[in-house]
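Single-letter residue listing:
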Amino acid sequence: MKSRSILATWLALLLFLASLLDYAVRMGAQPAVPVPGVPPPPGGVPPPPGQPGEPPDPEEDRLKAEAKKKKKEEEERKAAEAKKKQEEAEAKMLRERIASAKVAKVLAAGGDPLGQYNLAVMYSEGVGVPLDYSEAFKWYQRSARQWHAEAQYALGSAHYIGRGTTKNKIEAYAWWNLAAAQGNKAARLDREKLAQEMTQDQIAIAQRITRGYILEKEEGERFPKPGQKKVPAAREPVPEPVAAPAPPVPPK
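In this report, the structure presented in the accompanying data block is examined. The structure presented is a predicted model; accordingly, all values stated were derived computationally and were not measured.

### Focus on the packing of helix α2 (residues 58–109) against helix α3 (residues 113–125)
- At a minimum axis separation of 8 Å, α2 and α3 run at an interaxial angle of 135°. One element, α2, and the other, α3, form an angle in the oblique class. Of the two elements, α2 crosses α3, and the hand of that crossing is left-handed. Judged by residue contacts, Ser100, Ala101, Ala104, Lys105, Leu107 and Ala108 of α2 engage Gly115, Gln116, Asn118, Leu119, Met122 and Tyr123 from α3.

Pasting the structure below:
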């Protein structure tokens, strides 16, 4: 009698546990109920664990693919248009440079100092003409001898760095001296720096060369050649050589 009572108790307990397990399974299969006032997560409420999600929508995937393709085509079209505009701008600039080079050549050949200077710049940069430092030096020299201040400064720079000619600090000083005498500030500064690299004898020689170019100009003004253009005189005198500092007295 006692054993039957214990068995009945165990059976009742097992049935109770089975009912609880069934209830738990049924409650877990229920869809999640959104909380009022809280927006659902992106993409909707995810399915509960163990449950398959909704099948993908073919129409939505097609629309996304078409939008992505259209965006890519639009980006490629804009890139192609930008490239075309850049090529057209470069071609226009090249045509303008070639035309400017032709004008500069005509003016330079006619003895115009500005035309000679512009042509020299074009040769030194390879703009509208082939890059040729020797040819640039030639036209800088012709313009500088007609007292074009920028050409004189450029010619001094060519002598200093040896571009289109051999390096020559004395000639560089002389031409920067002439350009500085016409008010070229860059030439004045470079001349002062160059003086720190030269001996007093070298500066004295450069000064004599400077005066020689001035005499050559004055001679040309007195007896101008046919077609030669007059140029203004220097606005400031050519500076005299700086006196050499006295050598230190050796200790006795």
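### Examining the pattern of salt bridges
- One pass over the full model with this rule turns up eight salt bridges.
- In this structure, Arg77 and Glu74 form a salt bridge, with 2.4 Å as the shortest nitrogen-oxygen distance. Placement of the pair is Arg77 and Glu74 together in helix α2, with a separation of three residues, close to one helical turn.
- Judged by relative accessible area, Glu74 falls into the partly exposed class, the value being 33%.
- Because the salt bridges share partners, they merge into one network encompassing Glu59, Arg62 and Glu66.

### Some remarks on the environment of Glu216
- Position of Glu216 among the secondary structure elements: in helix α8 (residues 200–222).
- Along the sequence, Glu216 and Arg145 sit 71 residues apart, while their C-alpha atoms lie 8.9 Å from each other.

### Structural notes on α3
- Spanning 13 residues, α3 covers 18 Å between terminal C-alpha atoms, matching the ideal 18 Å at 1.5 Å per step.
- When α3 is considered as a whole, its buried residues turn out to be Pro113, Gly115, Gln116, Tyr117, Leu119, Ala120, Met122, Tyr123 and Ser124.
- Against α2, α4 (133–144) and α5 (149–161) lie the buried residues of α3.
- Its side-chain oxygen 3.3 Å from the backbone nitrogen of Leu114, Asp112 forms the N-cap of α3.
- Immediately downstream of α3, the backbone of Gly126 shows phi near 70°, a positive value.

### Examining the nonpolar core
- If you look at the biggest cluster of nonpolar residues, it comprises 22 residues, and the most contacted ones within it are Leu119, Tyr123, Trp139, Tyr140, Leu155 and Trp175.
- Listing elements by their share of this core, those giving two or more residues are α2, α3, α4, α5 and α6 (169–181).
- The residues touching Trp139, leaving out its near neighbours within four places in the chain, are Ala108, Ala109, Gln116, Leu119, Ala120 and Tyr123.
- By size, the runner-up hydrophobic cluster in this structure holds twelve residues, among which are Ala179, Ala195, Met198 and Ile203.

Definitions and cut-offs
Residues numbered from 1 in each chain as written. Predicted model: local features only at pLDDT ≥ 70, side-chain atom pairs only at ≥ 80, totals over all residues. Heavy atoms only, no water. Axes fitted to C-alpha atoms, helices over the stretch in contact; angles between N-to-C directions. Helix = DSSP H or I, 4+ residues; strand = E, 2+ residues; numbered from the N terminus. Parallel < 35°, antiparallel > 145°, perpendicular 65-115°, else oblique. Left-handed = near helix turned anticlockwise from the far one by under 90°. Contact = heavy atoms within 4.5 Å. Salt bridge = Lys/Arg side-chain N within 4 Å of Asp/Glu carboxyl O. Buried < 20%, exposed > 50% of the residue type's maximum accessible area, 1.4 Å probe, protein only. Expected span 1.5 Å × (residues − 1). Polar contact = N/O pair within 3.5 Å; in protein donor to acceptor, adjacent residues only side chain to side chain. Core = buried A, V, L, I, M, F, W, Y, C linked by side-chain atoms within 4.5 Å.

So far we have only geometry, and geometry alone does not tell us how the molecule works.
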